[in-house]
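Structural features, examined
Next come the chains, spelled out residue by residue.
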Amino acid sequence: DTIYVNMRLDNLIYAQDQQVESGATNAVPLLLDLNDGEEVSGLVFAVQVSPVDAPEIVDSLDIELVVSGSDPLVTVIEPGYISVAISDIDPPITGLQANFANLLVSIPLDAVSFQMYNLSISGASASDAEYNLIELAAPDTAELEVFITNDPPYFSPSFTDIDMLE
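Residues numbered from 1 in each chain as written. Predicted model: local features only at pLDDT ≥ 70, side-chain atom pairs only at ≥ 80, totals over all residues. Heavy atoms only, no water.

**Here we look at the overall build of the chain**
Which entries qualify depends on this criterion: Strands here mean DSSP runs of E at least two residues long; helices mean DSSP runs of H or I at least four residues long; both are numbered from the N terminus. A contact between two residues is defined here by any heavy atoms of the two lying within 4.5 Å.
A count of helices and strands for the chain gives 0 helices and 11 strands. Of the regular secondary structure in the chain, the N- to C-terminal order runs β-β-β-β-β-β-β-β-β-β-β. Pairs at least 24 residues apart make up 73% of the contacts formed inside the chain by residues separated by at least 6 positions.

This is the structure:
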């Protein structure tokens, strides 16, 4: 007896959890995991960065392509929420963990260490060079954790005057 198994996994668009710096513009890699034989030449999606326990995003998000293609069409829905269309990607994107763009996120200066933002992607789909639909799933929300690199040092117990012999 022979059993044939046809396993088809979803094509994915996602970002991974990472740390972001307060008071700076951070580049968050956007990734694709594609089934064998899938070649993406264009895609559309929306991305939103929302605070969990951190200050609201006040600047608009932006996209920076890291593959060859036409300039992305970015529509700002509100601060922290954009829709994106990317076309003419050549060579097409294939494979797993393919970084196709960076999401540029400006974290407010008043965000403090360990505060969190959620990054979610929705409404995603892609096409190949012949404009055939390639369905994309965006299964997870990425967590962006604030860290601050310029915190003053903390000493415990605090320093007091110290007498030293010469």
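From this point, the discussion proceeds with the structure in view.
**A closer look at the side chain of S22**
So the rule is basically this: Exposure classes here rest on a 1.4 Å probe applied to the protein chains alone. A residue is buried below 20% of its type maximum, exposed above 50%, and partly exposed in between. Here a polar contact is taken to be a pair of N or O atoms separated by no more than 3.5 Å, where protein atoms must pair a possible hydrogen donor with a possible acceptor and residues adjacent in sequence count only if both atoms sit in side chains.
Position of S22 relative to the elements: it lies in the loop between strand 2 (18-21) and strand 3 (25-33). For S22, a relative accessible area of 11% puts it in the buried group. A distance of 3.1 Å separates the side chain of S22 from the backbone oxygen of L109, its partner in a polar contact. If near-sequence neighbours (up to four positions away) are discounted, S22 is found in contact with I107, P108, L109, D110, A111, V146, F147 and I148.

**Observations concerning the packing of aromatic side chains**
Note on aromatic pairs: each is described by the distance of the centres and the angle between the planes. Here is the rule: For this analysis, a ring pair means two rings from Phe, Tyr or Trp (six-membered ring only for Trp) whose centres lie within 6.5 Å, classed as stacked if their planes differ by under 30 degrees, edge-to-face if by over 60, and tilted for the remaining angles.
Applying the stated criterion to the full structure yields 1 aromatic pair. Between F45 and F100, the aromatic rings sit 6.0 Å apart at their centres with planes inclined by 85 degrees, giving edge-to-face as the arrangement. With F45 in strand 4 (residues 42-51) and F100 in strand 8 (residues 98-106), the pair connects residues that are 55 residues apart, well separated along the chain. The two residues F45 and F100 agree in class, both being buried.

**Considerations on unusual backbone geometry**
Most peptide bonds adopt trans geometry, and most residues besides glycine take a negative phi value. The residue after D90, namely P91, is reached through a cis peptide bond having omega 5 degrees. Position of P91 among the secondary structure elements: in the loop between strand 7 (81-86) and strand 8. Within the chain, F114 stands out as a residue other than glycine whose phi angle is a positive 75 degrees. Residue position: F114 is located in the loop between strand 8 and strand 9 (116-127). On the basis of relative accessibility, which here comes to 63%, the residue F114 falls in the exposed class. With phi around 65 degrees, Y131 is a residue other than glycine that occupies positive phi space. One can find Y131 in the loop between strand 9 and strand 10 (133-135).

**A short note on the environment of D36**
Within the secondary structure layout, D36 lies in the loop between strand 3 and strand 4. Along the sequence, D36 and N11 sit 25 residues apart, while their C-alpha atoms lie 9.8 Å from each other.

**A word on the environment of S113**
Of note, S113 is situated in the loop between strand 8 and strand 9. Separated by 59 residues in sequence, S113 and A54 have C-alpha atoms that sit 9.6 Å apart.

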